[in-house]
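Descriptive structure summary
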Amino acid sequence: MTRVAAIDCGTNSIRLLVADVDPATGELVDLDRRMTIVRLGQGVDRTGRLAPEALERTFAACRDYAAIIKEHGAERLRFVATSASRDAENRDEFVRGVMDILGVEPEVVTGDQEAEFSFTGATRELTGRTDLHRPYLVVDIGGGSTEFVVGEEHVRAARSVDVGCVRMTERHLVRDGAVSDPPSAEQVAAIRADIEAALDLAEETVPLREAKTLVGLAGSVTTVSAIAQDLPEYDSARIHHSRVTLDRVREITDRLVRSTHAERAAVPSMHPGRVDVIAAGALVLLAIMERTGAEEVVVSEHDILDGIAFKVAEEAAGNGH
């Protein structure tokens, strides 16, 4: 087993995994897994820059993570940054800040690399399951973008499109600085139209309808699963590898779209940072299921972070460590 650390910094959240990994067997044992909502992508769509307060929130989380990594004595760390930091004019500021705190450079990965990490993280443990058939379609519904990956053991085709729960919320549901509560029918229709157009784009590259098993990743999907199970609080172990039917996803999405901020905030398994963006995230999931004809989604708590950790451990093994 190699002890490694992986950090994934997205548009909405930054996450850390410290784990003991055996790349030969595909075994991964969590030592610490956590998420902090930092909204690094706040306003990037509009300004093209990372906001100073968003950078400060992100650096504060990095300082916390540095202490945890040190405490566990991880041998290697890899820091991967996605959508928001790819597009910003002032990303040098971000890179310098991360290097000062963690001693590694954030790698802004391509959509293809992101896809391979996500796919590995989500499917490595499903190998050998007789009730789940390949090819898998892995969908990672993020804040700024959604990744679609189809494959058996490795990625066959992948595409990243610019619909995510934060981007859709900011684009369609924010009026005068506040989120519409609940959104109007026109606003929901505009989100749906954007998602459908993005699915058309994804289908140019990825054979979405060929997949036999839909695997859903990230906070919008895990939150829908928590609601479907009526969990009294967010419970990773019960969410990981849970299955949610199309009918249940439709019912939950309708409820979220019609609810007010206060009603969504009162859901016991809802992370406070998701209250405003969950309706848009659920709409993305529902549209994907309708498009692909999936009867259910298999929910995975293991995703890009686990894929990064496997990769770091494989590299360590390859270097004779």
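The paragraphs below set out a description of the structure included in this document. (Residues numbered from 1 in each chain as written. Predicted model: local features only at pLDDT ≥ 70, side-chain atom pairs only at ≥ 80, totals over all residues. Heavy atoms only, no water.)

Attention now moves to the overall build of the chain. Along the chain, the regular secondary structure elements total 13 helices and 13 strands. Relative to the compact-globule value of 20 Å for 321 residues, the chain shows a C-alpha radius of gyration of 19 Å, a close match. With the C-alpha coordinates of the chain rotated into their principal frame, the extents come out at 60 × 50 × 40 Å. Considering the chain as a whole, with its 321 residues, one finds that 55% of them fall into the buried category. Put simply, 68% of the contacts in the chain that link residues at least 6 apart link residues at least 24 apart. Of the roughly 13400 Å² of accessible surface on the chain, a fraction of 47% belongs to carbon and sulfur atoms. Looking at the chain, you have 36 positive and 55 negative side-chain charges, and the mean spots of the two groups are 1 Å apart. (Helix = DSSP H or I, 4+ residues; strand = E, 2+ residues; numbered from the N terminus. Rg over C-alpha atoms; globule rule 2.2 N^0.38 Å. Buried < 20%, exposed > 50% of the residue type's maximum accessible area, 1.4 Å probe, protein only. Contact = heavy atoms within 4.5 Å. Areas by Shrake-Rupley, 256 points an atom, 1.4 Å probe, with all protein chains shown as cover. Lys, Arg positive; Asp, Glu negative; His and termini not counted. Charge placed at Lys NZ, Arg CZ, Asp CG, Glu CD.)

Right, let's get into the sheet that holds strand β8 (residues 155-161). Spatial ordering of the open sheet is given by β8-β7-β6-β11-β13-β12, a layout of 6 strands whose pairing is mixed. If you trace the sheet from one side to the other, it starts and ends with β8 and β12 (243-245), each paired once. Across this sheet, the average inter-strand angle for adjacent strands is 25°, counted without regard to direction. Where β12 lies against strand β13 (residues 296-300), 3 bridges are found, and the strand directions are antiparallel. Note on β13: the bridge partner recorded for Val244 is Val297. Docked against the sheet, helix α7 (residues 185-205) engages β7 (146-151) and β8, running at close to 155° with respect to β8. Its contacts with the sheet put helix α8 (residues 219-228) on β6 (136-141), β11 (213-217), β12 and β13, and the angle it makes with β13 is roughly 110°. (Pairing = 2+ DSSP bridges. Axes fitted to C-alpha atoms, helices over the stretch in contact; angles between N-to-C directions.)

In summary, soluble globular proteins display a tendency toward joint burial of nonpolar side chains. Residues Leu137, Phe148, Leu214, Leu256, Leu285, Ile288 and Val297 are the most contacted members of the largest nonpolar core, which totals 49 residues. A total of 11 residues in this core trace back to one element, the largest contributor, which is helix α12 (residues 278-292). Not counting residues within four places of it along the chain, the set of residues in contact with Leu256 comprises Ile227, Arg264, Met270, Ile278, Ala279 and Ala282. Within the second largest apolar cluster, 24 residues are counted, among which are Phe59, Ala61, Ala81 and Val95. (Core = buried A, V, L, I, M, F, W, Y, C linked by side-chain atoms within 4.5 Å.)

Size it by volume and the largest pocket reaches roughly 690 Å³. Forming the walls of the largest pocket are 37 residues, and the residues nearest its centre are Ser13, Arg15, Met35, Gly219 and Arg274. Contributing elements (two or more residues each) for the lining of the largest pocket: β2 (13-22), β3 (27-37), α5 (111-123), β6, α8 and α13 (304-318). Of the residues forming the lining of the largest pocket, the biggest block, 4 residues, is contributed by α8. Across the lining of the largest pocket, the residue classes tally to 8 nonpolar, 19 polar and 10 charged. Of the volumes computed, that of the second largest pocket is approximately 280 Å³. What lines the second largest pocket is a set of 16 residues, among which Glu116, Thr120, Arg124, Glu153 and His154 lie closest to the centre. Put simply, the parts of the chain that give the lining of the second largest pocket at least two residues each are α5 and α13. Among the residues making up the lining of the second largest pocket, the classes are represented as 3 nonpolar, 6 polar and 7 charged. (1 Å grid on protein atoms, 1.4 Å probe; cavity = no way out; pocket = protein on both sides within 12 Å on 5 of 7 lines; lining within 4 Å. Points joined across faces, edges and corners; volume = space filled by probe spheres on them. Nonpolar A, V, L, I, M, F, W, Y, C, P; charged D, E, K, R; others polar.)

Moving on to empty space enclosed by the protein. Taken as a whole and judged by the stated rule, the model has 1 cavity of 30 Å³ or more. Its boundaries defined by the atoms lining it, the largest cavity holds a volume of some 30 Å³. Lining the largest cavity are Phe148, Val161, Val163, Ile195, Ala198, Leu199, Val284 and Ile288. Among the elements of the structure, α7 and α12 are those that each provide at least two residues to the lining of the largest cavity. Top contributing element to the lining of the largest cavity by residue count: α7, with 3 residues. Residue classes in the lining of the largest cavity are distributed as 8 nonpolar, no polar and no charged.

Here we come to helix α6 (residues 165-173). With 7 of its 9 residues buried, α6 lies for the most part within the structure. Taken as a whole, α6 has its buried residues at Cys165, Val166, Arg167, Met168, Thr169, His172 and Leu173.

For any pair of aromatic rings, the description rests on two quantities: the centre-to-centre distance and the angle between the ring planes. On inspection of all chains with the given rule, the structure shows 2 aromatic pairs. Ring centres 6.4 Å apart and planes at 55° place the aromatic pair Phe119 and Tyr136 in the tilted group. Residue Phe119 is found in helix α5, and its partner Tyr136 is found in strand β6; the two are separated by 17 residues along the sequence. Classification of Tyr136 as buried rests on a relative accessible area of 2%. Lying across the ring of Phe310, Arg124 places its NZ or CZ 4.4 Å from the centre. (Phe/Tyr/Trp six-rings, centres within 6.5 Å; stacked < 30°, edge-to-face > 60°. Lys NZ or Arg CZ within 6 Å of the ring centre and 35° of its normal.)

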